[in-house]
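The primary structure of each chain is shown beneath.
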Amino acid sequence: MVDYTYDVDGNPVRRVQDCYEDAFCDYEDLVNPFVLKGDGFDVTLSMARGMLSWTSVSPKVKKSKFPMPGTATLSKGTVDLPLKDIYGVTIKRKRAKGQLEGEGLCQGFSVYTYYEFGPNCWRDLTLDFEHPSESLCNKYYDRISEFIKDFPGRPHSLKFFMQTHAGGRTGSQLYRNKILPMLKAANLSVDFLEIQHSEHVKQEMVHINIDDYDCMVAMGGDGTASKVVSGLLMATQNRNEVEIRQGFTPVRPTMPVGIIPTGTTNQIARSVIGLADPITAVLYILLGYSVPVDVCSIFSDDKLIQWNFACQYGFGANALRYANNFRNNLLPKSIDASIFKAASKKKLKPYDCDIEYIPSENPPKHEPPTVCYRGCNVCWTEEVKEEEQEECIVQPFNALNTSNNSDTFVDLSKDESPWKVCKGSFLQVGLFCIPARSEIAPEGLHKFSHLNDGNMELVLVKNTNRKDFVRFLKRHGNSKNQFDFPFVDVIRVKEVKFRPRLPTGWKHTDRQFHEIQYRMSKVQRERSKGSQILEIDDVDDKSDVGEFGSPLDDMSDEEEEEEEEDDTKDSSLSGSRKSSADSNRSSEPKQYINNNNVIVNSAHQDRVLIGPQYRMTFADIDRMKRKNKQIKKEDKAKAREERQLRTKWNLDNELINKHELDFRVHHGLISLYGRGVTPNSVFQEYGCLPIAR
């Protein structure tokens, strides 16, 4: 019986697996005896059914000495193992000393599969079917290899990026002892690269040809995974000559990305796989199980910074900063210590922010909110035609749309704009395309976020007392709803523009400061003291001329007539005499008398003092030194205060020192190896430090 799936119009569509198996319907079944774990079995290889089966030859079925492999079923003493659960097959040989690989006495063939160790956890399993006939073993080997070689979704060549300093720094040993033998058993071509610095992945992706690989693999933490995803997306856009700007439609990569978690938090891997287990992640890659995942693009000053899955501002960024400081000395408890310090009375503080966002037009109807499990009916897919381009609705940020004294949502519908404005003081601002599960948040920093629903979750934690905020933090470690607080707002959005809000009274880029008015007030203060000293700046500045007027404006009518007579006399001179006179006149400074009867030189020169000059005394010099010292001290205090009024962004557990960022979600843009979280998952509650003391 052939299974069918149905498209959006209700028409039946045959599954890809069934179509693939139809190519082997003419193959005859192979039935031969083999020895498995010391017992005799009749082994049947059915290419038409895509099944490897074995039945005990003993009349009494003995208890199996190994766990049930893959999705195999046991019926009347017969174990049926689907060939799709096999990722490799080899000929088992006994080699003598000095013999190379592939040489030696044939003992049978080995099948590499897996078994379920628990919810979301797989372990590799090797089944050795022993038989002395090499020709018989080669028949089984050739047919199984032919079936699994071109199975849909499975990679053949991969680019492998490994970060050896991630987590406990045991990645190199794990790769040599466990991962590399599994890759060899699957007969994969591996291009290995060990990451040396933060820009190594970006530099490598510029030079490689992505058509030479079937998938990219990132072995490390969230930072390594984010860099590999960003590099693949950038290489895909450059290969398709896509203009990267705000509001653009990116091209989906043709290959998925595999994440082998060896970091500290592993939020991306836990959200897609269910737990941070490297062996399970490798098995998903070898068997070709992948899911589409939403990703958001981040722009700063109309320039693409990177692609990310989970972003935090405020408390989340401060905790990561302290964790990086404690990593060398308090590695096992660095996260707990960082949470303790970031939530202390001295360090916990709100940040003033201006946030503009576009709410989701048609959000998925799942009330009450549901968790994203495997086979989720909230996650949906859409087909985007290549000729269709998304309309760029990004507009410049207008600070006048907000009020400096309100903490409310402002509706801009009167301007027919899709943007809404939120302004206030927040302890934490979060943007999540994935649930962002970790050890301290087993169900996720946003447990109701879905992998492929085309939306971001904007979490705003308003300014509140420390006791309530600690209650909010502790709910991340248990099964309660952490958003069930009056000071927490959750908004499903498509785009977000974030701007930190700073006081304008002292800021050096204060828009209220007016240069001309400042100079005019300075001149008036000097005149009030009876001083006749004027400072003449560059007269070419149009703003200065517009405010103070041209020096010729203060001349009388008689002086203007004398100037005209001089011009007529000069015109009667000969060419040489005229040029010499002009040169002499140009070299001589022009003078005029201002309203205070002070002769002022109007020629272009560098800050020349005209009129009665004042020589500074030693007391004035000391007073000027003290004034300059006080100004420098105030500037340092202002810079220190500005640093305290804002913090860095935590982008996939990587700190970035940029503040004014624009976020936009892209539905199902990247495919990650995994199957999601099983509905029967059991999340262990996390007991954090007693930070409420």
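See the structure above.
Residue positions are given per chain, counted from 1 along the sequence in the order it is written. pLDDT decides what is reported in this predicted model: residues at 70 or higher carry local features, side-chain atom pairs at 80 or more are listed and counted, and totals for whole chains, interfaces and linings draw on all residues regardless. Note that the side-chain values use all heavy atoms of the structure and ignore hydrogens as well as water.

Colleague: Outline the overall build of the chain, supporting the account with residue identities and numerical values.
Modeller: When its secondary structure is counted, the chain shows 15 helices and 29 strands. Throughout, exposure labels follow a simple rule: accessible area from a 1.4 Å probe, protein chains only, divided by the maximum for the residue type, with under 20% read as buried, over 50% as exposed, and the rest as partly exposed. Per-residue burial for the chain yields a buried fraction of 45% across its 693 residues. Counting contacts in the chain only where the partners sit at least 6 residues apart, residues at least 24 apart contribute 72% of the total. Using a 1.4 Å probe, the Shrake-Rupley method yields the accessible areas, and only the shown protein chains count as cover for residues. For the chain, the exposed surface amounts to about 38,700 Å²; the carbon and sulfur share of it is 48%. Labels follow the DSSP assignment, with helices taken as runs of H or I lasting at least four residues and strands as runs of E lasting at least two, numbered in each case from the N terminus. When checking whether two residues touch, look at their non-hydrogen atoms; a contact exists if any pair is within 4.5 Å.

Colleague: Tell me about the pattern of salt bridges, residues and numbers included.
Modeller: Each salt bridge in this description consists of a side-chain nitrogen of Lys or Arg and a carboxyl oxygen of Asp or Glu lying within 4 Å of one another. Taken as a whole and judged by the stated rule, the model has 20 salt bridges. Notably, a salt bridge pairs E134 with R93, separated by 2.7 Å at the nearest N-O pair. Here E134 is found in helix α2 (residues 134–149), whereas its partner R93 is found in strand β8 (residues 88–94), with 41 residues between them in sequence. Residue classification places R93 among the partly exposed positions, given a relative accessible area of 25%. With a shortest N-O distance of 3.1 Å, D191 and K159 are connected by a salt bridge. Here K159 lies in strand β11 (residues 157–162) and D191 lies in strand β12 (residues 189–194), a separation of 32 residues in the sequence. For K159, a relative accessible area of 3% puts it in the buried group. Each of K92, D128 and E130 takes part in a single network of salt bridges with overlapping partners.

Colleague: Give me the lowdown on a nonpolar patch on the surface, citing residues and values where you can.
Modeller: Every patch collects residues that have over 30% relative accessible area and no salt bridge, joining them within 9 Å if they carry like charges and within 5 Å if they are nonpolar side chains (Val, Leu, Ile, Met, Phe, Trp, Tyr). Together, M616, F618, I621 and M624 make up an exposed nonpolar region whose accessible area comes to about 420 Å². Relative to the helices and strands, M616 is located in the loop between β26 (609–610) and α15 (618–644).

Colleague: Tell me what's going on with helix α3 (residues 171–185), and back it up with residues and numbers.
Modeller: Given 3.6 residues per helical turn, the α-helix brings residues three or four places apart onto the same face. In a regular helix each residue adds 1.5 Å, so 15 residues correspond to 21 Å; α3 covers 20 Å between its end C-alpha atoms and thus fits that length. Maximum bend of α3: about 40°, positioned at I179, with proline P181 one to four residues after it. Every buried residue belonging to α3 is among G171, Y175, I179, M182, L183 and A185, and all of these are buried. Backbone geometry just downstream of α3 places N187 in the positive-phi region, at approximately 60°. Multiplying 1.5 Å by the residue count of a helix minus one yields the expected span of that helix. Axes are fitted to the seven residues ending at a residue and to the seven starting at it; the angle between these axes is taken as the bend at that residue.

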